[in-house]
Amino acid sequence: MLVMVIGLLVFFTAHLVPLNVDLKNGLITRFGKRGYHIAFGLMSLIGLALIVLGFHKLQLHPGKNPVLWDPPVWTRHIALALMLPAMIAFVAAFFRSHISAALKQPLLVAIKAWALAHLIANGDLASLVLFGSFLAFAVYERIIIKRRKLTGVFSGSTGPWSNDILVVVIGTALYAVILLYLHQMVIGVSPLS
């Protein structure tokens, strides 16, 4: 649990910096834009690696990860259904499309859907800590963005309809790959079991 919690702290610390405009600008002034982006990227990757490693280890050793409640089987079906739009929203964050414009903050939408899907389908402590913290952070970041009236990367700009087709196709393919292979390989648990 400690490895995962340290990873969460590192990851969220890196992601809180951009929300504090004065701190971000001060770091850019001191280290340059490139230095800032390298540090942000490294902290994010280190945090993410620790999160995945810690969560994976907890799934392999159930004795260290108490089950707080036993979710009904139907919650897994809801989680599987939520993950498809989550993956489409995730891909929309990287393409100028009607989908990204409609979602305004597609990456935050993807994180919220991903976290909610996993929260309702899992009843162990590690899942509560991991997915609960990501859901809370995404909600917090969306509130900050709304208060500051910041716009998304593709806000107000839709791009060609072919990008929407790409978003749906790539998002669906990503969903299938994660469902059939990656989830089992990285986390050690198949979502289909």
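In what follows, the structure referred to is the one given above.
(A) Representation of the overall build of the protein. Counting its regular elements, the protein contains seven helices and zero strands. The globule rule puts the C-alpha radius of gyration for 193 residues at 16 Å, and the 18 Å found for the protein is close to it. Viewed in the frame of its principal axes, the protein has a C-alpha envelope of about 50 × 40 × 30 Å. Across the 193 residues of the protein, 33% fall into the buried class. Pairs at least 24 apart in sequence give 78% of the contacts found in the protein among residues at least 6 apart.

(B) Up close: the side chain of serine 127. Structurally, serine 127 is set in helix α6 (residues 125–147). Assessed through its relative accessible area of 1%, serine 127 is described here as buried. In terms of polar contacts, serine 127 uses its side chain to reach the side chain of aspartate 124, at 2.7 Å. Not counting chain neighbours up to four residues away, the residues in contact with serine 127 comprise Phe55, Leu119, Asn122 and Gly132.

(C) The arrangement of the packing of aromatic side chains in detail. By the definition in use, this model includes nine aromatic pairs. By way of ring pairs, the aromatic residues Phe11, Phe12, Phe55, Trp114, Phe131, Phe134 and Phe137 are connected into one cluster.

(D) Up close: a nonpolar patch on the surface. Taken together, the side chains of Leu48, Val52, Val177, Leu180, Tyr181, Leu182, Met185, Val186 and Leu192 make up a nonpolar region of the molecular surface, amounting to roughly 810 Å² of accessible area. Those elements that provide at least two residues to the nonpolar patch are α2 (21–60) and α7 (161–187). The element contributing the most residues to the nonpolar patch is α7, with six residues. Relative to the assigned elements, leucine 182 resides in helix α7.

(E) Local environment of the side chain of aspartate 124. On the secondary structure map, aspartate 124 appears in the loop between α5 (106–121) and α6. The side chain of aspartate 124 is buried and forms no salt bridge, while arginine 76, the nearest opposite charge, is found at 9.2 Å. Separated by 2.7 Å, the side chains of aspartate 124 and asparagine 65 make a polar contact. Residues contacting aspartate 124, with those up to four places away along its chain left out, are Phe55, Gln59, Asn65, Pro66, Val67 and Leu68.

(F) Up close: α6. Here α6 is 23 residues long and its end C-alpha atoms lie 32 Å apart, about the 33 Å a rise of 1.5 Å per residue gives. Buried positions along α6 lie against α1 (2–16), α2 and α5. With its phi angle positive at about 55°, lysine 149 sits one or two positions after the end of α6.

(G) A look at the nonpolar core. Among the nonpolar cores identified, the biggest contains 15 residues, and Met4, Leu8, Ile51, Phe55, Leu130 and Phe134 are the most heavily contacted of them. Of all the secondary-structure elements, those providing two or more residues to this core are α1, α2, α5 and α6. Broken down by element, this core gets its largest block of residues, five residues, from α6. Among residues more than four places away in sequence, those in contact with phenylalanine 134 are Leu8, Phe11, Phe12, Ile51, Ile111, Trp114 and Ala115. Residues Ala79, Ala113, Ala121 and Leu179 belong to the second largest nonpolar core, which totals nine residues.

(H) Fine view of the environment of serine 193. Among the secondary structure elements, serine 193 is positioned in the segment after α7. For serine 193, a relative accessible area of 60% translates into the label exposed. Between the C-alpha atom of serine 193 and that of phenylalanine 131, which follows or precedes it by 62 residues, the distance is 20 Å.

So, how was this worked out
Every chain is numbered on its own, with residues counted from 1 as its sequence reads. Whole-chain, interface and lining totals are the exception, using all residues; otherwise, since this is a predicted model, local features are given only for residues with pLDDT of at least 70 and side-chain atom pairs are given and counted only at 80 or more. Only heavy atoms go into the side-chain values, all of them from the structure, while hydrogens and water stay out. Counting from the N terminus, the helices are DSSP H or I runs at least four residues long and the strands are E runs at least two residues long. Atoms counted for the radius of gyration: C-alpha only. Globule rule: 2.2 Å times the number of residues to the power 0.38. Throughout this description, buried means an accessible area under 20% of the type-specific maximum (1.4 Å probe, protein chains only), exposed means over 50%, and partly exposed covers the range between. The contact definition used throughout considers only heavy atoms, calling two residues in contact when any of these lie within 4.5 Å. The definition of a polar contact used here is a pair of N or O atoms within 3.5 Å, where within protein one atom must be able to donate a hydrogen and the other to accept one, and adjacent residues in sequence count solely through side-chain atom pairs. A pair of aromatic rings is counted whenever rings of Phe, Tyr or Trp (Trp by its six-membered ring) have centres within 6.5 Å, and the orientation is called stacked for planes under 30 degrees apart, edge-to-face for over 60 and tilted otherwise. What makes a patch is a set of residues exposed beyond 30% relative accessible area and free of salt bridges, joined within 9 Å when like-charged and within 5 Å when nonpolar (Val, Leu, Ile, Met, Phe, Trp, Tyr). The protein chains shown are the only cover counted for residues, whose accessible areas, like all others here, come from Shrake-Rupley with a 1.4 Å probe. Note on definitions: salt bridges are taken to be side-chain nitrogens of Lys or Arg within 4 Å of carboxyl oxygens of Asp or Glu. Two residue types count as positive, namely Lys and Arg, and two as negative, namely Asp and Glu; His and chain ends fall outside the count. For a helix, the expected span equals 1.5 Å multiplied by the number of residues minus one. Note on terminology: a nonpolar core comprises buried Ala, Val, Leu, Ile, Met, Phe, Trp, Tyr and Cys residues joined through side-chain atoms within 4.5 Å.

These figures capture arrangement, not role.
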